[in-house]
Amino acid sequence: MAALVEAHGLAYRYPDGTEALRGIDLAVSAGESLILFGANGAGKSTFLLHLNGLLRAARGTLTVDGLPMKTANLAAIRQRVGFVFQDADDQLFMPTVLEDAAFGLLNQGLEPSEARRHAEAALAQVDMLHAAGRAPYHLSGGEKRRVALAGVLAMQPKLLVLDEPTTSLDPPAQHKLAELLGRLPQAKLISTHDAAFGQATGSRAVFFERGKIVGGGTVEEIVRRYGWAASPER
Amino acid sequence: MRHLESDQWSRGGSALHRCDARAKLAAVLTVLAFVGTARPWHWPQGVFYGSLALAALLAAQLSWAGFLRRLSVVLPVTATFALLTWLSTGDAGRAGALLSRSLVSVAFAIVLIATTPAHALLTGAERLGAPRMLVAVAQMVHRYLFVLIDQALRMRQAARSRGGFRWSAAAGAAAALLLSSEQRATRIHQAMLARGFTGTWPELSAAAGRWNVFDSALAGGTALTLLLARLLWRL
Ligand SMILES: Nc1ncnc2c1ncn2[C@@H]1O[C@H](COP(=O)(O)OP(=O)(O)OP(=O)(O)O)[C@@H](O)[C@H]1O
Ligand SMILES: [Mg+2]
């Protein structure tokens, strides 16, 4: 079976000259849940931003669901990749929770009634339907995160990308999120500093170091090999 | 991130709230055109357009406090102009006309804004033929304003927690504010692109964009009433 995500020699340098990625090789298959570990500044976020073309590599190739990353494929790729950003405040910009959950669907050209139905279903999936009429800015951090996830799930992506999803979540909320992610059938790429969260949600892990993947294996192996459980940064 | 209060305000449940933004926009533009061209403007004109504004206000079921607060924002400006007119020409009637004319216009604008969310209003303007580019820019400014306000509040909080906030030091902070807002806006824009944003704000409420009899009645009725009043009584 062809991999859902396939990256070969992906390299990226920020305009200010920072070499953030120096040749990433990675394959993710459907249904897999891959954890990205690595120190601050190792390049995890930079890599994830490539998956829906928000950043475009200068060198290397990337295909998503068989589609090569190029401008003509961007819309199709973004339909397949659901991206949950680190700061939910950046992702929730519509006046109400329901409108935010429907944002992507309407952009896809769905009829408003259809979009509303799917958005409500996605909100129910993350247990936030009760807040449909509220302003996203008044929600708690954990609730915002779930609404952001709903806005992505509503679009029924094949791949979920989550950049440090446990940021600003208390332990019960982290637990709830891990459970929710476990129930979702999509392939997942999750960057996290939280070893326990990674173990709860991942089937496999890779370790980033200065723009490269330096190791891969089961989540337990990676956590042990790189001493990540005792990691001071959280 | 907090939305401007007016955005919350514009989500009431009155019949006017449910009207198509284009109908409301057309009606208000018509009123403004008639108010602007009413010559002479004496007390009958003031009473006529004033009661129309009152009717619109009642139909919109707005809170008086909210309405007056918004009106009071423009009152000092128009009052100053009226006062200057009075002092320089000695014509109290003309000053009064200036004041009542602008207050009536502002009242209608407030009702329009208060019954129509900003993005619906802008989409309506676009459908009525406003240049697409202009509308897109206005929408961005409207969104960006929240980012700016929110970022300013965060920074003030951060400054306070580190030993107080002084507006005198705020000038230096303004540059930092613009920079951090710009970064934040970039991230928001990325998040929008990630969910397929194509440059037009999508509209969820099915009522928007579906022009019904009520909308025709509002837009047409307003124009007809004003035209008749003008022809029959020179209002
Ligand atoms: N917009 C940017 N402009 C310039 N350099 C950047 C930018 N964003 C990130 N970098 C740099 O690129 C490198 C990789 O950053 P990235 O955010 O991908 O790391 P990360 O692994 O996600 O780290 P963290 O765990 O702290 O989130 C870092 O050296 C960082 O300073
Ligand atoms: Mg990161």
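Overview of the structure. (Residues numbered from 1 in each chain as written. Chains lettered and ligands numbered in written order. Predicted model: local features only at pLDDT ≥ 70, side-chain atom pairs only at ≥ 80, totals over all residues. Heavy atoms only, no water.)

Another point: the sheet that holds strand β2 (residues 19-28) of chain A. Residues and elements named next belong to chain A. Read across the open sheet, the four strands follow the order β2-β1-β4-β5; overall the sheet is antiparallel. Since the sheet does not close on itself, it has two edges, and those belong to β2 and β5 (67-68), each with one partner. With two bridges joining them, strand β4 (residues 59-64) and β5 adopt antiparallel strand pairing. In the sheet register, Val64 faces β5, and the bridge partner there is Leu67. (Pairing = 2+ DSSP bridges. Helix = DSSP H or I, 4+ residues; strand = E, 2+ residues; numbered from the N terminus.)

This brings us to the nonpolar core. Generally speaking, a soluble globular protein has its nonpolar side chains buried in company with each other. Phe37(A), Leu123(A), Leu149(A) and Leu181(A) are the most contacted members of the largest nonpolar core, which totals 45 residues. In terms of nonpolar packing, the next biggest core, distinct from the first, is built from 42 residues, Leu34(A), Leu51(A), Met69(A) and Phe85(A) among them. (Core = buried A, V, L, I, M, F, W, Y, C linked by side-chain atoms within 4.5 Å. Buried < 20%, exposed > 50% of the residue type's maximum accessible area, 1.4 Å probe, protein only.)

Attention now moves to the packing of helix α4 (residues 43-60) of chain B against helix α6 (residues 92-115) of chain B. Residues and elements named next belong to chain B. Closest axis-to-axis distance for the α4/α6 pair is 9 Å, and the angle between their directions is 15 degrees. In this view, α4 runs roughly parallel relative to α6, as classed from their interaxial angle. The element α4 and its partner α6 pack so that their crossing is left-handed. Residue-level inspection shows Tyr49, Gly50, Leu52, Ala53, Ala56, Leu57 and Ala60 of α4 in contact with α6, the latter providing Val104, Ala107, Phe108, Val111 and Thr115. (Axes fitted to C-alpha atoms, helices over the stretch in contact; angles between N-to-C directions. Parallel < 35°, antiparallel > 145°, perpendicular 65-115°, else oblique. Left-handed = near helix turned anticlockwise from the far one by under 90°. Contact = heavy atoms within 4.5 Å.)

Turning our eyes to something else, we now look at the interface of chain A and chain B. The partner chain B presents 27 residues to the 32 residues of chain A that form the contact. Taking both partners together, chain A and chain B bury about 2,600 Å²; carbon and sulfur atoms supply 59% of that area. Connecting chain A to chain B are two salt bridges. A salt bridge links Arg187(B) to Asp90(A), with the shortest nitrogen-to-oxygen separation between them at 2.5 Å. Listed by contribution, the elements that provide at least two residues to the side of chain A that touches chain B are α3 (88-91), α4 (97-107) and α5 (112-125) of chain A. Top element by residues in the side of chain A that touches chain B is α4(A). It accounts for nine residues. The residue makeup of the side of chain A that touches chain B, split by class, is 18 nonpolar, seven polar and seven charged. (Buried area = accessible area lost by both parts, 1.4 Å probe. Salt bridge = Lys/Arg side-chain N within 4 Å of Asp/Glu carboxyl O. Nonpolar A, V, L, I, M, F, W, Y, C, P; charged D, E, K, R; others polar.)

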